[in-house]
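One letter stands for each residue in the lines below.
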Amino acid sequence: MDENLKLCPFCGGEAELQYGGSGNRESAGMSFVRCKKCGAISQKFEVSRKYSSDEKAIEAWNRRY
């Protein structure tokens, strides 16, 4: 588990940063966090030059919205 990610608020499982589509950040176009145990996901963030979509996805997961 990424040390920046909190455990899942629903099941307590480990979470991981994932990418939409192919699983490859460069071609996926979006980032999100997913629980390995129950499958809960964070909001998805489109890759942009204005901000890091990875950081935004981790922030959203850790806020529990």
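Quantities reported herein were computed from a predicted structural model and do not represent experimental measurements.

Colleague: Hey, could you go over the nonpolar core for me, with residue numbers and the actual values?
Modeller: Counting 11 residues, the largest nonpolar core consists of L5, C8, A15, V33, C35, A40, F45, A57, I58, A60 and W61. When residues of this core are traced back to their parent elements, those giving at least two are strand 2 (30-35) and helix 2 (53-63). The element best represented in this core is helix 2, accounting for 4 residues. When residues no more than four places from it in sequence are discounted, the contact partners of A57 are L17, S31, F32, V33, S42 and F45.

Colleague: A description of the environment of E59 should follow, citing residues and the corresponding values.
Modeller: Along the chain, E59 falls in helix 2. Residue E59 is classed as partly exposed on the basis of its relative accessible area of 39%. Along the chain, E59 and L5 lie 54 residues apart, while their C-alpha atoms are 8.4 Å from each other.

Definitions and limits used
- By convention here, each chain's residues receive numbers from 1 onward along its written sequence.
- Per-residue local features of the predicted model are confined to residues with pLDDT of at least 70, and side-chain atom pairs are confined, for both listing and counting, to 80 or more; whole-chain, interface and lining totals are unaffected and use all residues.
- The basis for every side-chain value is the complete set of heavy atoms in the structure, and neither hydrogens nor water enter the calculation.
- Take the buried Ala, Val, Leu, Ile, Met, Phe, Trp, Tyr and Cys residues and link them wherever side-chain atoms come within 4.5 Å; each set so joined is a nonpolar core.
- To sort residues, take the accessible area from a 1.4 Å probe on protein chains only and compare it with the maximum for the residue type: under 20% means buried, over 50% means exposed, and anything in between is partly exposed.
- For helices the rule is a DSSP run of H or I covering at least 4 residues; for strands it is a run of E covering at least 2, with both sets numbered from the N terminus onward.
- The contact criterion used throughout is that any non-hydrogen atoms of two residues lie within 4.5 Å.

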